[in-house]
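Survey of secondary and tertiary structure
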Amino acid sequence: MAEQVEDYFKVEFKRYRKRTAVDFTDIIDCTSPEGQAACLPSPLPREDRAATSTAAGLGLKPPHQWTFHAITSVPGLLVLPNPFLRGCQHRWVRQCLAHYPCKPNVCNLDAHLQREGRGEVWPGGLAEDASSPKKMRLSKDDLLYRLRWVTLGYHYDWNTKEYRSHCRSPFPEDLAQLTKFIMRIAGFPSFVPEAAIVNYYHLDSTLSGHTDHSEKDLSIPLFSLRLAEAPRKCLQWNPS
């Protein structure tokens, strides 16, 4: 009888998803003195005025205020703590809720219903001031409540775990500008996003630990951006 190998990844996931008090001392926090021992600041190229202007237009702090951290135990992993100007995350949250779910982009709702018109899921429109979004109560029947993921550009096939060349829609230009700018500052000037998955989480949601195996060209980096109500994870997309 073959010896069963314990899945330590699953063990750790179960430990951190507990509803009771959890010990987070093993978590690397690049902004804390303890965490800085496990990561190294990554030097940035000299900034120019054009970069500062571009950053402001995207809702980002000037790049000279950023600090990329290279995790010593995971070669190739760079972590950039919040690069957004105060209040500017709301702009990107609004895009994720009001615009990115619309057709021709694909979302989890498409397997269960026929969305009319542009396929909006946001009920009743948005506040004009992105820094003061409308508060609303959602029922479990509302499309926005049921929204779990949206794919942009090349659409990910959840059954085959692959991207297909004929299944694609235009990649959002604003998101492309954001990711290309951040990646250029990080040292990847040729990065061009072609596909993204936008994940949506409720405050009590958890994301099961997993690894991505769908990328064919491992020389091109993955970009993951988290928009969160600290300390819970709310939204994450992975342009690639």
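Our structure is the block above this text.
An account of the accompanying structure is given in this report. (Residues numbered from 1 in each chain as written. Predicted model: local features only at pLDDT ≥ 70, side-chain atom pairs only at ≥ 80, totals over all residues. Heavy atoms only, no water.)

**Description of the overall build of the protein**
Quick reminder of the rule: Under the scheme used here, helices are H or I runs from DSSP no shorter than 4 residues and strands are E runs no shorter than 2 residues, and both carry numbers assigned from the N terminus. Relative accessibility thresholds used throughout: buried, under 20% of the residue-type maximum; exposed, over 50%; partly exposed, between the two (1.4 Å probe, protein chains only). Pairs of residues are marked as contacts when any of their non-hydrogen atoms sit within 4.5 Å.
The number of helices and strands found in the protein is five helices and nine strands. The secondary structure elements of the protein, listed N-terminal to C-terminal, are α-β-α-β-β-α-β-α-β-β-α-β-β-β. Going through the 240 residues of the protein one by one, you find that 32% of them count as buried. Excluding contacts between residues fewer than 6 apart, the proportion of contacts in the protein whose partners are at least 24 apart in sequence is 60%.

**Description of the pairing of strand β7 (residues 195-200)**
As a reminder of what qualifies: Each pair of strands is called paired provided DSSP finds at least two bridges between the two strands.
Most of β7 is tucked away: six of the six residues are buried. Here β7 shows two buried faces, one formed by Ala195, Ile197 and Asn199 and the other by Ala196, Val198 and Tyr200. Pairing between strand β5 (residues 149-157) and β7: five bridges, direction antiparallel. Paired with Thr151 across the strands is Ile197, a residue of β7.

**What about the sheet that holds strand β1 (residues 39-42)?**
Taken in spatial order, the three strands of this open sheet run β1-β2-β3, and their pairing is antiparallel. Lying at the two open borders of the sheet, with one neighbouring strand each, are β1 and β3 (78-79). In the sheet, strand β2 (residues 68-71) pairs with β3 via two bridges, with the strands oriented antiparallel. Along β3, the bridge assignment pairs Ala70 with Leu78.

**Section: the side chain of Arg115**
Structurally, Arg115 is set in the loop between β4 (106-107) and α4 (143-146). Every residue in contact with Arg115, bar those within four places of it in the chain, is listed here: Pro101, Cys102, Lys103, Asn105, Cys107, Asp110 and Val121.

**Description of the pattern of salt bridges**
Note that side chains of opposite charge can pair when their charged atoms are close. Under the convention used in this document: Salt bridge, as used here: a side-chain nitrogen of Lys or Arg that lies within 4 Å of a carboxyl oxygen of Asp or Glu.
Evaluated as defined, the whole model comprises four salt bridges. The salt bridge partner of Arg164 is Asp157, with a shortest N-O separation of 3.8 Å. Relative accessible area serves as the criterion here: at 22%, Asp157 is assigned to the partly exposed category. Overlapping salt bridges bring together Asp157, Glu162 and Arg164 as one network.

**A closer look at the packing of aromatic side chains**
Keep this limit in mind: Within 6.5 Å between ring centres, the rings of Phe, Tyr and Trp (the latter by its six-membered ring) count as paired, and their orientation is classed by plane angle as stacked under 30 degrees, edge-to-face over 60, tilted in between. Any Lys NZ or Arg CZ found within 6 Å of a ring centre and within 35 degrees of that ring's normal is scored as a charge over the ring.
A complete count under the given rule lists five aromatic pairs for this structure. Relative to Phe181, the ring of Trp66 has its centre 6.0 Å away and its plane inclined at 85 degrees; by these criteria the two rings are edge-to-face. Taken together, the residues span a long stretch of sequence, with Trp66 in the loop between α2 (49-57) and β2 and Phe181 in helix α5 (residues 173-186) at a distance of 115 residues. An aromatic cluster of three or more residues is present, and its members are Trp149, Tyr156, Trp158 and Tyr163. Its guanidinium or amino end placed over the ring of Tyr145, Arg148 lies 6.0 Å from that ring's centre, counting from NZ or CZ.

**Focus on the environment of Cys102**
Checked against the element boundaries, Cys102 lands in the loop between α3 (89-99) and β4. What makes Cys102 buried here is its relative accessible area of 2%. Along the chain, Cys102 and Glu120 lie 18 residues apart, while their C-alpha atoms are 5.3 Å from each other. Sequence-distant contacts of Cys102, that is, excluding residues within four places in its chain, are made with Arg115, Arg118, Gly119 and Glu120.

**Here we look at the nonpolar core**
Basically, it comes down to this: Nonpolar cores are built from buried Ala, Val, Leu, Ile, Met, Phe, Trp, Tyr and Cys residues. Side-chain atoms within 4.5 Å join them into one set.
Among the nonpolar cores identified, the biggest contains 35 residues, and Leu60, Leu147, Leu152, Leu178 and Phe181 are the most heavily contacted of them. Those elements that place two or more of their residues in this core are α2, α3, β5, α5, β7 and β8 (225-229). The element contributing the most residues to this core is α5, with eight residues. Those residues within four positions of Leu60 in sequence are excluded, and the remaining contacts are Ala55, Trp66, Pro83, Phe84, Leu85, Leu178, Phe181 and Ile182.

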